[in-house]
Amino acid sequence: MNRIRLGVNIDHVATVRNARGEIYPSPLRAALLAQKNGADSVTIHLREDRRHINEYDLNQIKKKLKIPLNLEIAATREMLKIALKSKPPFICIVPEKRKEITTEGGLNLNYNKIFLKNLIVKLKKNKSRVSLFIEPSLRDVFEAKKLNADCVEIHTGKFCNLVNKKKKFKNEFKKIEKVTKLANELGLEVHAGHGFTYDSAKILTKIKNIKEFNIGHFLIGESIFIGMSSAIKSFKKILNS
Ligand code: PXP
């Protein structure tokens, strides 16, 4: 069986730092600790409003990290310029709304299509693997293929919410399963992210061929109680048992 990779999103280490305008806790330290404890990649989202990670973090982490850095960015000229300069091995294009608390849904692949297509061409030429954060929708998988993305990351927020609220999640699970199957058939690598806890991650590992899980908020929260090393190890075990 193929191993499932764990991407650790450390944005919320920066959220805690920024809450007091201090220089700690350090996102770089978190990135290196994630690497030491078996994370397969580290994810950071450089938002337009820099509410958590900033360019200094990006540059420091890019310089020191040996495992792949996965940079999440919105499809804007500013972010394209930063990404081309930084050259992270992995890039995930995400939607961004100024007032949202977190990334609320997948990309609208029909908005600004020409810009998105050119952005993907430029990032791929620059040797970054490009993933598109999408809703679990078959139409979006076809669109992602047409746009020549390398991967799709399925937004699992709705599924995870249903699990958290102990509601029926079977339909959402099946939707994700179908989308994964189609994406694989079209040659797109499939990732999953948003809202994972131990329980929801464990259930979703039952879907074959999701190659990477990107997990942040719950993992960083859990680190308060059991430490980041233990939280990462727990997720690693769940993903591959
Ligand atoms: N994947 C993507 C593309 C994201 O934008 C995020 C953060 O919203 C995550 C994964 C991680 O989600 P969470 O912090 O809820 O685990």
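Computed from a predicted structure; not experimentally measured.

Draft legend 1. Structural context of the site of the ligand. Inspection of the region around the ligand gives 13 residues, with Glu-72, Glu-153, Gly-195, Gly-216 and His-217 positioned closest. A distance of 3.4 Å is found between an oxygen atom of the ligand and a side-chain nitrogen or oxygen belonging to Thr-102. In the environment of the ligand, an oxygen atom lies 2.8 Å from a nitrogen or oxygen atom belonging to the backbone of Gly-195. Of the residues belonging to the shell around the ligand, the class tally is 3 nonpolar, 8 polar and 2 charged.

Draft legend 2. Representation of the side chain of Asp-11 in the model. Mapped onto the secondary structure, Asp-11 falls in helix H1 (residues 11–20). One buried charged residue, Asp-11, remains without a salt bridge, the closest side chain of opposite sign being Arg-47 at 6.4 Å. Excluding its chain neighbours within four sequence positions, the residues that come into contact with Asp-11 are Thr-43, Ile-44, His-45, His-52 and Ile-53.

Draft legend 3. Spatial organisation of the packing of aromatic side chains. Considering all chains together, one arrives at 6 aromatic pairs under this definition. Taken together, a centroid distance of 6.4 Å and an interplanar angle of 50 degrees make the contact between Phe-159 and Phe-173 tilted. Taken together, the positions of Phe-159 in helix H7 (residues 157–164) and Phe-173 in helix H8 (residues 170–185) put the pair 14 residues apart, joining distant regions of the chain. Residue Phe-159 shares its accessibility class with Phe-173, and that shared class is buried.

What counts and how
- Position labels on residues start from 1 in each chain and follow its written sequence.
- At least 70 in pLDDT is required for a residue's local features to be given in this predicted model, at least 80 for side-chain atom pairs to be given and counted, and no such filter applies to totals for whole chains, interfaces and linings, which use all residues.
- Each side-chain value is worked out from all heavy atoms of the structure, with water and hydrogens disregarded.
- Working definition: residue near molecule or strand if any one of its non-hydrogen atoms lies within 4 Å of it.
- Any N or O atom pair separated by 3.5 Å or less is treated as a polar contact, with the protein-specific requirement of one donor-capable and one acceptor-capable atom, and with residues adjacent in sequence counted only for side-chain atom pairs.
- In this count, Pro and Cys sit with the nonpolar residues alongside Ala, Val, Leu, Ile, Met, Phe, Trp and Tyr, while Asp, Glu, Lys and Arg are called charged and the others, Gly among them, polar.
- By the criteria applied, helices consist of DSSP H or I runs no shorter than four residues and strands consist of E runs no shorter than two, each listed in order from the N terminus.
- Burial classes: relative accessible area under 20% of the type maximum marks a residue as buried, over 50% as exposed, and values in between as partly exposed (1.4 Å probe, protein chains only).
- Here Asp and Glu are counted as negative and Lys and Arg as positive; His is not counted, and neither are the chain ends.
- For this document, the term salt bridge refers to a Lys or Arg side-chain nitrogen within 4 Å of an Asp or Glu carboxyl oxygen.
- Only heavy atoms matter for contacts: two residues are in contact if any of them lie within 4.5 Å across the pair.
- When two rings of Phe, Tyr or Trp (its six-membered ring) have centres within 6.5 Å they constitute a pair, described as stacked for plane angles under 30 degrees, edge-to-face for angles over 60, and tilted for the intermediate range.

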